[in-house]
Amino acid sequence: RERSAFMVWLGEEWYTRDVDYFSEWGLWYRAQQTRALPVLQNFWKAMPQYAMWDDHDYGRNDAGRNYPFKKESKEIFLNFFQEPTTSNRRKHEGIYQDEYIQVNGKLIQIIFVLYLLFLLNYHLYIVVFSMDLKFSSSPENYLEQFDLLI
């Protein structure tokens, strides 16, 4: 049995309920309740965790730019995943990012494309790339160099 090198969370990390949507305390409570589940405690420590939210981590179903607790939701989400205080995700609206991870001689790039909850009412897009460490960044042959594109 092979050990995983990392975990990518794609949303629904917790499921915010009607009673949670309209207070910072409610949002925090639901996230903390999930974070504290005994079954997850060893999992948090076992490997790096990378995450993107969806509308139920953010707030009510299909909540968009007018959601009154969007900044609080972002802070709760980043704290849930113990995002470093120096992280770029804490310096801009939304939680889009990319990550580079080296696994078994391959460089893997995970791109969490801007989830436009802060701006519009769009949905999650994620792109995962795995490339040789000898990757050439020239745009004309960018896609041909990937081993995996999801």
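Values in this document were obtained by computation on a predicted structure and should not be read as measured data. (Residues numbered from 1 in each chain as written. Predicted model: local features only at pLDDT ≥ 70, side-chain atom pairs only at ≥ 80, totals over all residues. Heavy atoms only, no water.)

Caption draft 1: Up close: the overall build of the protein chain. When you go through the protein chain residue by residue, the secondary structure sums to four helices and six strands. The order of α-helices and β-strands along the protein chain, N terminus first, is β-α-α-β-α-α-β-β-β-β. In the protein chain, which comprises 150 residues, the proportion classed as buried is 42%. A sequence separation of at least 24 residues applies to 54% of the contacts in the protein chain between residues at least 6 apart. Summing over all exposed atoms, the protein chain offers an accessible surface of approximately 9,100 Å²; the carbon and sulfur share of this is 54%. (Helix = DSSP H or I, 4+ residues; strand = E, 2+ residues; numbered from the N terminus. Buried < 20%, exposed > 50% of the residue type's maximum accessible area, 1.4 Å probe, protein only. Contact = heavy atoms within 4.5 Å. Areas by Shrake-Rupley, 256 points an atom, 1.4 Å probe, with all protein chains shown as cover.)

Caption draft 2: Summary view of the environment of Gln82. Take Gln82: it is sitting in the loop between helix 4 (70–80) and strand 3 (97–103). Gln82 gets classed as exposed once you look at its relative accessible area, which sits at 57%. Spatially, the C-alpha atom of Gln82 lies 9.2 Å from that of Gln49, the residues being 33 residues apart in sequence.

Caption draft 3: Quick look at the nonpolar core. Counting residues in hydrophobic clusters, the biggest one holds 27 residues, and the most contacted among them are Phe6, Tyr67, Phe77, Phe81 and Ile110. Those elements that place two or more of their residues in this core are helix 1 (24–35), strand 2 (49–51), helix 4, strand 3 and strand 4 (106–113). Per-element tally for this core: the top contributor is helix 4, with four residues. If near-sequence neighbours (up to four positions away) are discounted, Phe6 is found in contact with Met47, Pro48, Tyr50, Ile101, Val103, Ile108 and Ile110. (Core = buried A, V, L, I, M, F, W, Y, C linked by side-chain atoms within 4.5 Å.)

Caption draft 4: Summary view of unusual backbone geometry. Even without glycine at this site, Gln82 takes up a positive phi of about 50°. One non-glycine residue, Asn104, lies in the positive phi region at around 50°. In this structure, Asn104 sits in the loop between strand 3 and strand 4. On the basis of relative accessible area, Asn104 is assigned to the exposed category, the value being 71%.

Caption draft 5: Just helix 4, in detail. Restricting attention to buried positions, one finds in helix 4 the residues Lys70, Ser73, Lys74, Ile76, Phe77, Leu78 and Phe80. Of the surrounding elements, those touching the buried residues of helix 4 are helix 1, helix 2 (41–46), strand 2 and helix 3 (55–58). Following helix 4 by one or two positions, Gln82 adopts a phi angle in the positive range, close to 50°.

Caption draft 6: The arrangement of helix 1 in detail. Taking 1.5 Å of rise per residue, the 12 residues of helix 1 would be expected to cover 16 Å, and the 16 Å separating its terminal C-alpha atoms lies within 8% of that figure. Every buried residue of helix 1 is accounted for by Gly26, Leu27, Arg30, Ala31, Thr34 and Arg35. Contact partners of the buried residues in helix 1: helix 2 and helix 4. (Expected span 1.5 Å × (residues − 1).)

Caption draft 7: Main features of the pattern of salt bridges. Inspection of every chain in the model, using the stated rule, returns three salt bridges. Ionic pairing is found between Glu75 and Arg90, a salt bridge with its closest N-O pair at 2.9 Å. Of the two residues, Glu75 sits in helix 4 while Arg90 sits in the loop between helix 4 and strand 3, which places them 15 residues apart along the sequence. Arg89 is the salt-bridge partner of Glu83, the closest N and O atoms lying 3.3 Å from each other. For Arg89, a relative accessible area of 3% puts it in the buried group. (Salt bridge = Lys/Arg side-chain N within 4 Å of Asp/Glu carboxyl O.)

Caption draft 8: Quick look at the side chain of Thr34. Among the structural elements, Thr34 can be located in helix 1. By relative accessible area, which is 15% here, Thr34 ends up buried. Non-local contacts of Thr34, meaning those with residues more than four positions away in its chain, are made with Glu13, Trp14, Leu40 and Phe80.

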